[in-house]
Amino acid sequence: MRLSVAFRHAHRSHASIRRSRAGVKVLNSEKRFITLPDNSAVSYAWVREASSTSGTSETVTSFKSHPRKNDGPVYESDVCDIIQRSREELKAIRETNPGLKPTLAIIQAGEDDGLLEVNKKMAGKIGLNVMQICLPRQCTEEEVIEEILRLNEDSRVHGIFLHLPRSFLSKSVRNAIKPQKDMDGVSDLNVGHVVLGDQRDGFASPVAEAVLEMLARHDAPLIGKMVVLVGVEGPLKATLQFLLQNNGMMVQTCQWSSKHLQKQVMDSDMVILLETDHKGLPPTWLRPGVAVINLSSALMEEHPDSWEHRAEAESGAGIGPLSAALRMQHVVRSSRRWIQEQQYQPWRLRPLKLQPLSPVPSDIEISRAQTPKPISQVAQEIGLLPEELEAYGNTKAKVHLSLLNRLQHQPNGKYVLVAGITPTPLGEGKSTVTIGLVQALSAHLKLNSFACLRQPSQGPTFGVKGGAAGGGYAQVIPMEEFNLHLTGDIHAITAANNLAAAAIDARILHEATQSDKALYSRLVPSVNGVRCFSPIQMDRLQRLGINKSDPSDLTTEEVRAFVRLDLDPEKVTWQRVVDTNDRFLRKITVGQANTEKGHSRQTQFDIAVASEIMAILALTDGLADMRARLGRMVVGSSRNGKPITADDLGVTGALAVLMKDAIKPTLMQTLEGTPVFVHAGPFANIAHGNSSVLADKLALKLVGEEGFVVTEAGFGADIGMEKFFNIKCRTSGLKPDVVVLVATVRALKMHGGGPNVTAGVPLPKEYINENLQLVADGCSNLKKQIQITHLFGVPVVVALNVFKTDTQAEIDLVCRIAEASGASAAVQCHHWSRGGRGSVELAQAVKKVASQNNHFQFLYNLQDSIVEKIRTIAQKVYGADDIELSPEAQAKIDYYNQQGFDALPICMAKTHLSLSHMPEKKGVPTGFILPIRDIRASIGAGFIYPLVGTMSTMPGLPTRPCFYDIDLDPVTEEIRGLF
């Protein structure tokens, strides 16, 4: 790195020769105190002339000097002391951060290297780097600010010094520097810290500190002394004034042109001046014993052309080198603060107050009645750094994955999974329980906690189910932003998925209509007379066993192998997706236009969240892993049965680009201001149904060792929880501490033989009136789900989500049966109507149970055969007698065994409305054979998914969808009708 001339004057000192009346103490060229006779004159022009040969232009006189040895400069030891302290401080920092080398960036106008050696010497003594940025001598303010902003975001740079003419140092330029990197204390914020006496997060001017350092070396009392600042302006003036005042001195300021200059100088005990073009002070103005300090050399007021000349003549120490040493000390301390910032920060969460109303208003009314904190404030409260946040408006933000590296040594918090019994079509409130629980933990028990939720699909939002932000007084806010678009992750998935689909059909068409030679010339075109393979094409060559890099070297057979994927249109397994419930896209024909030359085929659309890319997003642990998984996605088979991947299509890099922002979890907050990660949204019946591994990992680091991360698994424990354990936990390596199993009296009555529950239809009287027998009979499903949880060795807390129609007798009955069935605790929850306060009992139970040791284990070994893994899930989880494979399913199993996919975990695609494959069978069905209609593979996501019975991957709209009630107020732009 080039060293800037920025410290040139900071390392120069000019001859201290001053003439004044008798008794004025000054420094001679050898830096020894002398007393000049009465007829001595003070001439600044003469001083400058003398400085070119004698050394330094600083005038330093003292009231009484300490005894000094005569063999060295007065302040050389001061500089050495600062260097030594900085070296020791840096050594202590490096004991825990051996790779750290603090760097000072110096921005200058022009390319003068006069200070290069001086900076090298000073930085080298301490162990620092100095980076020089040379802007054009006639650079603009915008260019300076652009460079400052770049350095602000460079984590390798710990300090910035502006080595620029005073005319460049506008307020905009000075305030562009981050206070933490402002080594000269020129920003308004750093000056303000000095004024307030608080420099914990910023720095004062090293020149001002050097003045104080020099004064502190002398015995004369400073309290009550009068100091005049002559020609000192800007941040330095304010800093000096307040530092001197804080040390008990009285301070006056004036300009060289002031008519009161003589009087102020003659009345002063000390003069601190900054030379300009003025000739100087008449000798008669200086009273005997006055101290004079000249700041000019430290502030680079001379023309750069004079620096090199001065460097040859100057020696010793003074304000210049002293301030330079202090500036270097600032760099060391800035790096220490940076290291401290990288460590885990205790939370300073400020919960939002909640005032529940009765009757409970609509979800959207509750959401709008609460004013969320700015998301930047939430981030700061939970220990996120500003550079780790990427705001999307004022209430949501992406969080960078660099957080995982920063907190890699931080122990994880407690890991809590919220699952449920087999639900009614209305859902049993797992999301509300999740949110109510974290509100109780953080806002009421004052424990760090994080909720990790899936992003809702817009299909159900506009279909029949509605939104998924929770409900009542346990919501993620703003609920409109949560349910609609969010930060665009699902749209990114849709774009990436459909790009792969377009690539498939285009490749089939081009291979069918072009010769090998024509394909090769288009796939590897000549650009400016040069042909070369792209990196992804080189990867394909290696997979084909062709170790050549020159396109002209391939044989005819190699060219044919390279250009022909030979995808069988009948064996394409990749579907297009859209995030809308559209039943008429369940089977379509593509390629019917004349331009496709008769190459049509039947295909279908899936809902966007069923895309394998969504599953990959939920299971990946970083960008490199995501790209590798995207490349492994199998999109179909060739005519000879070989699997064709996204890597073969050459589309992997483009897919990763489309997904580069979607991989970052989105930070939001609950109604009570507690943090929430929203990330990924795979369905649990047709995918693995859990939020992302990355969100969980980030949250577990942020909450700290005593904190809690509460994540939710879709649908019943037999589906979402089983996949959470067997798929998500295998991938992440994380082990849950406790399962919260959500139940409702309504669902238990259904499992006990109650009438069918239909969305949009009023509940039958059995669900409104007390019926203890139905509840008792339905608890068989609850007992079975508790048993399923115990298969994995994890303790269970049952959370009974209470509705206003539930009676106390029904509530007490459920809790008794749950605890008798093996639950560690069973508590009633009122978060919907009371917020976090209504789930305090649940939070206390979770805290207690999570502190106990458990014996987590997987249900099956990956080395078991595909059939055995399916059978294990069917028998132990669903309660089936056995499984029945269709011929098609058996053929797929044989194929996957042949391709080496048999060691993947199993992701069952099954109805969520029953433990069996029959939605109408409630309670705990027995005596059934589980039919496996088909088996598919998501190789990129990393699982095999059998299809149980008839499963649709594209929902349809009901007769009266939710969109009938959704509208926009054109004046306020408020959304109406969401729930």
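See the structure printed just above.
What counts as what
Residues numbered from 1 in each chain as written. Predicted model: local features only at pLDDT ≥ 70, side-chain atom pairs only at ≥ 80, totals over all residues. Heavy atoms only, no water. Core = buried A, V, L, I, M, F, W, Y, C linked by side-chain atoms within 4.5 Å. Buried < 20%, exposed > 50% of the residue type's maximum accessible area, 1.4 Å probe, protein only. Helix = DSSP H or I, 4+ residues; strand = E, 2+ residues; numbered from the N terminus. Pairing = 2+ DSSP bridges. Axes fitted to C-alpha atoms, helices over the stretch in contact; angles between N-to-C directions. Expected span 1.5 Å × (residues − 1). Arc of directions from axis to C-beta. Patch = residues over 30% accessible without salt bridge, like charges linked within 9 Å, V, L, I, M, F, W, Y side chains within 5 Å. Areas by Shrake-Rupley, 256 points an atom, 1.4 Å probe, with all protein chains shown as cover. Salt bridge = Lys/Arg side-chain N within 4 Å of Asp/Glu carboxyl O. Contact = heavy atoms within 4.5 Å. Parallel < 35°, antiparallel > 145°, perpendicular 65-115°, else oblique. Left-handed = near helix turned anticlockwise from the far one by under 90°. Disulfide = S-S within 2.5 Å. Polar contact = N/O pair within 3.5 Å; in protein donor to acceptor, adjacent residues only side chain to side chain. Nonpolar A, V, L, I, M, F, W, Y, C, P; charged D, E, K, R; others polar. Phe/Tyr/Trp six-rings, centres within 6.5 Å; stacked < 30°, edge-to-face > 60°.

1. What to know about the nonpolar core
Phe-450, Leu-667, Phe-677, Phe-725, Leu-782 and Leu-930 are the most contacted members of the largest nonpolar core, which totals 139 residues. Broken down by element, the residue count for this core peaks at 8 residues, all from helix α18 (residues 489-513). Of all hydrophobic cores here, the second largest spans 50 residues; its members include Val-79, Ile-83, Ile-272 and Leu-295.

2. Looking at the sheet that holds strand β23 (residues 634-638)
An order of β18-β23-β24 is seen for the 3 strands of this open sheet, with the pairing classed as antiparallel. Single-partner strands in this sheet number two, and they are β18 (567-572) and β24 (643-645). Within this sheet the neighbouring strands show an average axis-to-axis angle of 50°, counted without direction. In this structure, β23 lies alongside β24, joined through 3 bridges in antiparallel fashion. Bridged to Gly-636 within β24 is Ile-644.

3. Observations regarding helix α4 (residues 141-152)
Here α4 contains 12 residues, and its C-alpha end-to-end distance of 16 Å stays within 8% of the 16 Å for a straight helix at 1.5 Å per residue. Buried residues of α4: Val-144, Ile-145, Glu-147, Ile-148, Leu-151 and Asn-152, and no others. Angularly, the buried residues of α4 cover 160° about the axis, an arc narrow enough to put them on a single face. Set apart from the buried face of α4 by more than 90 degrees, the exposed residues are Glu-142 and Glu-146.

4. Overview of a nonpolar patch on the surface
Residues Leu-957, Phe-963 and Tyr-964 make up a contiguous nonpolar surface patch of about 290 Å² in total accessible area. Note on placement: Tyr-964 falls in the loop between β33 (943-948) and β34 (967-968). What makes Tyr-964 exposed here is its relative accessible area of 52%.

5. Remarks on the sheet that holds strand β3 (residues 103-109)
Strand order in the open sheet made by the 3 strands is β4-β3-β5, with parallel pairing throughout. Of all the strands in the sheet, the pair left with one neighbour each is β4 (129-135) and β5 (159-163). Going from strand to strand, the sheet's axes swing by 20° on average, the running direction of each strand aside. For β3 and β4, the ladder comprises 7 bridges, and the chain directions are parallel. Along β4, the bridge assignment pairs Ile-106 with Gln-132. Against the sheet, α4 touches β3, β4 and β5, its axis set at about 155° to β4.

6. Comments concerning helix α21 (residues 556-563)
Among the residues making up α21, those that are buried are Glu-558, Val-559, Phe-562 and Val-563. When α21 is viewed along its axis, its buried side chains cluster within an angular range of 120° and face the same direction. With respect to the buried face of α21, the exposed residues turned more than 90 degrees away are Thr-556 and Glu-557. Along its buried surface, α21 packs onto α18, α19 (516-523) and α20 (535-543).

7. Focus on the packing of helix α22 (residues 612-619) against helix α23 (residues 623-632)
A pair of packed helices is captured by two measures, namely the crossing angle of their axes and the spacing between those axes. Packing of α22 against α23 brings their axes to within 10 Å, and their N-to-C directions diverge by 150°. What the angle tells us is that α22 and α23 run roughly antiparallel. The way α22 lies across α23 gives a crossing that is right-handed. Of α23, the residues touching α22 (which contributes Ile-613, Ile-616 and Leu-619) are Met-626, Arg-629 and Leu-630.

8. Points about the state of the cysteines
For the coordinates displayed, the defined rule picks out 0 disulfides. Lacking any disulfide linkage, Cys-815 is separated from the closest cysteine sulfur, that of Cys-829, by 8.6 Å.

9. Re the side chain of Glu-381
For Glu-381, the location among the structural elements is in helix α13 (residues 375-381). Under the relative-accessibility criterion, Glu-381 is labelled buried at 7%. Among the polar contacts made by the side chain of Glu-381, one reaches the main-chain amide nitrogen of Arg-350 at a distance of 3.4 Å. Every residue in contact with Glu-381, bar those within four places of it in the chain, is listed here: Pro-346, Trp-347, Arg-348, Leu-349, Arg-350 and Lys-373.

10. What to know about the packing of α19 against α21
In the contact formed by α19 and α21, the axes pass within 9 Å of each other and the chain directions differ by 65°. By the angle between their directions, the pair α19 and α21 is classed as roughly perpendicular. Remark: the crossing between α19 and α21 carries left-handed chirality. Seen from α19, the contacting residues are Asp-516, Leu-519, Tyr-520 and Leu-523; seen from α21, they are Val-559, Arg-560, Phe-562 and Val-563. Taken together, the residues of the contact of α19 with α21 break down into 6 nonpolar, no polar and 2 charged.

11. Examining the packing of aromatic side chains
Here the structure, examined in full by the defined rule, presents 14 aromatic pairs. Look at Tyr-520 and Phe-533: their rings are 6.4 Å apart centre to centre, the planes differ by 50°, and that puts the pair in the tilted class. Taken together, the residues Tyr-520 in helix α19 and Phe-533 in the loop between β17 (530-531) and α20 connect sequence positions 13 residues apart. In this pair, the class of Tyr-520 matches that of Phe-533, namely buried. Each ring, one from Phe-943 and one from Tyr-945, has its centre 6.4 Å from the other, and the planes form 75°; the classification is edge-to-face.

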